[in-house]
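Structure assessment
Listed below, chain by chain, are the residues.
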Amino acid sequence: MRPAFTLTRRVGLAGMAAALGITGCTFLGPRAERWTPPPAGASWEIAQRNTGSYGKDAHVRVTRGEGIWQGAPVITFVSSQGTTTLAAPNGHWIAVVGRDGKTLMSWDPPLGFEYPMTVGKSWVSPFRMTLGASGKTVAYDLACKIESHEKVTVKAGTFDAFKVVCSTSIGNEETYWTHPDMGVFIKTRLRRTDKSPFGPGTQDAELVAAPALSN
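Position numbers for residues count from 1 along each chain, tracking the sequence in the order it is written. Restriction of local features to residues with pLDDT of at least 70 applies here, the model being predicted, together with a cutoff of 80 or more for giving and counting side-chain atom pairs; totals for whole chains, interfaces and linings are based on all residues. Values shown for side chains rest on all heavy atoms present in the structure; no hydrogens or waters enter the calculation.

Some thoughts on the overall build of the protein
Here is the rule we go by: Strands here are runs of E lasting at least two residues and helices are runs of H or I lasting at least four, both read from the DSSP assignment and numbered beginning at the N terminus. Note on classification: 1.4 Å probe, protein chains only; a residue is buried when its accessible area is under 20% of the maximum for its type, exposed when over 50%, partly exposed between these limits. Whether two residues are in contact is decided by their heavy atoms, any of which lying within 4.5 Å being enough. With residues, only the protein chains shown are counted as cover, and all accessible areas are computed by Shrake-Rupley using a 1.4 Å probe.
Check the secondary structure of the protein and you find 1 helix and 14 strands. Expressed as a percentage of its 215 residues, the buried residues of the protein come to 39%. Long-range contacts, defined as pairs at least 24 residues apart, comprise 42% of the intrachain contacts of the protein with a sequence gap of at least 6. A total accessible area of about 12300 Å² is found for the protein, and carbon and sulfur atoms account for 57% of it.

Section: the pairing of strand S12 (residues 172–179)
Spelled out, the test is: At least two bridges found by DSSP between two strands are what make those strands a pair.
Of all 8 residues in S12, 7 are buried; the element is thus mostly enclosed. Pairing geometry for strand S11 (residues 157–168) and S12, over 6 bridges, is antiparallel. Across the sheet, Lys163 pairs through a bridge with Trp177, a residue of S12. Hairpin connection from S11 to S12: 3 residues lie between these consecutive antiparallel strands, with Gly171 at a positive phi of about 90°.

Looking at the sheet that holds strand S2 (residues 42–52)
For clarity, the cut-off: Working convention: axes come from line fits to C-alpha atoms, limited for helices to the stretch in contact. Angles between N-to-C directions cover 0 to 180 degrees.
Within the closed barrel, the 12 strands sit side by side as S2-S3-S4-S5-S6-S7-S9-S10-S11-S12-S13-S14. Their pairing is antiparallel. Put simply, the sheet's adjacent strands are angled 25° from each other on average, direction ignored. Bridge count for strand S13 (residues 184–192) against strand S14 (residues 201–213) is 6 bridges, and the pairing is antiparallel. Across the sheet, the residue bridging to Thr188 is Ala205, located in S14.

Considering the state of the cysteines
Cut-off, in case you're wondering: Counting rule for disulfides: a pair of cysteine sulfur atoms within 2.5 Å.
A complete count under the given rule lists 1 disulfide for this structure. Here Cys144 is linked by a disulfide to Cys166, with a sulfur-sulfur distance of 2.2 Å. An S-S torsion of about 110° defines the bridge between Cys144 and Cys166 as right-handed. Here the residue Cys144 occupies a position in strand S10 (residues 137–154), and Cys166 occupies one in strand S11, the gap between them amounting to 22 residues. Each member of the pair, Cys144 as well as Cys166, carries the same accessibility label: buried.

A word on the packing of aromatic side chains
What characterises a pair of aromatic rings is the spacing of the ring centres plus the angle enclosed by the ring planes. To keep it simple, the criterion reads: Classification of ring pairs rests on two measures: the distance between centres of Phe, Tyr or Trp rings, Trp counted by its six-membered ring, which must be within 6.5 Å, and the angle between planes, read as stacked under 30 degrees, edge-to-face over 60 and tilted in between.
Considering all chains together, one arrives at 8 aromatic pairs under this definition. Look at Trp44 and Phe77: their rings are 6.0 Å apart centre to centre, the planes differ by 70°, and that puts the pair in the edge-to-face class. You can see Trp44 sitting in strand S2 and its partner Phe77 sitting in strand S4 (residues 72–79), a full 33 residues away along the chain. Just as Trp44 is buried, Phe77 falls in that class too.

Here you go:
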């Protein structure tokens, strides 16, 4: 009976060790509890290489501000191209407006990643995107997976970032390298297929200058 007891005990301890090992890896792995916005007044620069429906190549400067949208406080990202992205406090995009304040597009619910962020996490979320010019609303699903946490080198430097790969039911293929504690994308790779309501095109963008307060 003694050998049987010893074997059973070893199996039990091995199972506990395996369980603790898995739990430990999950706990110790990269994890972002929430999105942290850049400080108010901070600016950063992005270089875009565009084709097709994305238009021409661009060098964009973005400045973080604050505003009110439909009676609620929002975070604003004002682009040197003349558009302003409105975001909820958790970083999810609500709408994009033009220089004249008219809505170019909006999302219901607001568009964004799910937190906490950990490698291997995946989700599928439904959205309704309304195009301001036509008033047309497009319903689609967004499926994302956090594939890795890796070092990414761009013109602005080398950063630790979560790599998030997404696809939509309306023909978009999107990869984001995001640094939640900095509040910006380090690099993005976007592809629109023939199914996209905007038409096919590509955009590869990278951070050229990290967020910094203006002097």
